[in-house]
Amino acid sequence: SDLHFAILELAKIKGFNADPTQISKRLGIHVEEARDAIERLRRLGFVRFENGTFTLNSSNNTWTNNQTTSDARRLLQKSLLERGAEAIETIPFELRDNGSLTVAIDKKRLPEFNEKLKQIRRELGEFFQSDSELDEVYQLTVSFFPLTKINGVES
């Protein structure tokens, strides 16, 4: 879920404390949610505890299968879009960005377009994670969908 990825990214921030109470305060969730998520991350092999220290097993974490869309992944994307809409109302403009692009394309080039988006997301993550002074966790969510009715596709 987005909570798990948020905790994995929060662990990269200077002064991170793996205490569920601290995580719950930073992410605005219940302590039990934080505790359960940390345990799930440990059980799934994303993190480990060595000598009482919380350690990431990988510096970059992502879905293992981008070819299929599971129910869990659909729910995650819907949740992230809802949180993005909420941020428009609750987060000052200077601390967020919301934009859009409306473009006519040849749908045969969709795989190329999607690959370019994936590349851009990866590049942004790598570029900004190279900082040594990480202090907040942000979410980039990109939606690309047809505004026109596609022949043969029911919506």
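Draft legend 1. Just the overall build of the protein, in detail. Each helix and strand in the protein was counted, giving five helices and two strands. Taken from N to C terminus, the helices and strands of the protein fall in the order α-α-α-β-β-α-α. Reported as C-alpha extents along the three principal axes, the dimensions of the protein are approximately 60 × 35 × 30 Å. By the burial criterion, 17% of the 155 residues in the protein qualify as buried. Sequence separation of at least 24 residues holds for 54% of the intrachain contacts in the protein that already meet a minimum separation of 6. By element, 52% of the accessible surface of the protein is carried by carbon and sulfur atoms, the whole surface being about 12,300 Å². Seen as two clouds, the 22 positive and the 24 negative side-chain charges of the protein have centres 5 Å apart.

Draft legend 2. Examining helix H3 (residues 31–43) more closely. Here H3 contains 13 residues, and its C-alpha end-to-end distance of 18 Å stays within 8% of the 18 Å for a straight helix at 1.5 Å per residue. Along H3, the residues classified as buried are Ala34, Ala37, Ile38 and Leu41. Down the axis of H3, the sector holding all buried residues measures 100°, keeping them to one side. Among the structural elements, helix H1 (2–10), helix H2 (20–27), strand E1 (47–50) and strand E2 (53–56) are those in contact with the buried residues of H3. A positive backbone phi angle near 85° is found at Gly45, which sits one or two residues after H3.

Draft legend 3. Structural context of the packing of H1 against H2. Relative orientation of the contacting elements H1 and H2 amounts to 110°, with a least axis distance of 11 Å. Comparing their axes, H2 and H1 come out roughly perpendicular. Residue-level contacts link Leu3, Ala6, Ile7 and Leu10 of H1 to Ile23, Arg26 and Leu27 of H2. Broken down by class, the residue content of the contact of H1 with H2 amounts to six nonpolar, no polar and one charged.

Draft legend 4. Here's a closer look at the environment of Ala37. Position of Ala37 among the secondary structure elements: in helix H3. Taking the relative accessible area as the measure of exposure, Ala37 reaches 0% and is therefore buried. Among residues more than four places away in sequence, those in contact with Ala37 are Leu3, His4 and Ile7.

Draft legend 5. Spotlight on the packing of aromatic side chains. As enumerated under the stated definition, the model contains four aromatic pairs in all. Residues Phe49 and Phe54 carry aromatic rings whose centres are separated by 5.2 Å and whose planes lie at 70° to one another, so their mutual orientation is edge-to-face. A residue is classified by how much of its surface remains accessible, and Phe54, at 13% relative accessible area, is buried. Aromatic pair Phe127 and Phe128: ring centres 4.8 Å apart, planes at 85°, arrangement edge-to-face. In this structure Phe127 comes out as exposed when scored by relative accessible area, which is 57%. Ring pairing ties together the aromatic residues Phe16, Phe49 and Phe54, which thus form one cluster.

Draft legend 6. Structural detail: the packing of H1 against H3. Two elements in contact, H1 and H3, have axes whose closest approach is 10 Å; the angle formed by their N-to-C orientations is 80°. Taken together, the axis directions place H1 and H3 in an arrangement best described as roughly perpendicular. Contacts between H1 and H3 involve Leu3, His4, Ile7 and Leu8 from the former and Glu33, Ala34, Ala37, Arg40 and Leu41 from the latter. Looking at the contact of H1 with H3 residue by residue, the classes come out as six nonpolar, one polar and two charged.

Cut-off values and rules
Residues numbered from 1 in each chain as written. Predicted model: local features only at pLDDT ≥ 70, side-chain atom pairs only at ≥ 80, totals over all residues. Heavy atoms only, no water. Helix = DSSP H or I, 4+ residues; strand = E, 2+ residues; numbered from the N terminus. Buried < 20%, exposed > 50% of the residue type's maximum accessible area, 1.4 Å probe, protein only. Contact = heavy atoms within 4.5 Å. Areas by Shrake-Rupley, 256 points an atom, 1.4 Å probe, with all protein chains shown as cover. Lys, Arg positive; Asp, Glu negative; His and termini not counted. Charge placed at Lys NZ, Arg CZ, Asp CG, Glu CD. Expected span 1.5 Å × (residues − 1). Arc of directions from axis to C-beta. Axes fitted to C-alpha atoms, helices over the stretch in contact; angles between N-to-C directions. Parallel < 35°, antiparallel > 145°, perpendicular 65-115°, else oblique. Nonpolar A, V, L, I, M, F, W, Y, C, P; charged D, E, K, R; others polar. Phe/Tyr/Trp six-rings, centres within 6.5 Å; stacked < 30°, edge-to-face > 60°.

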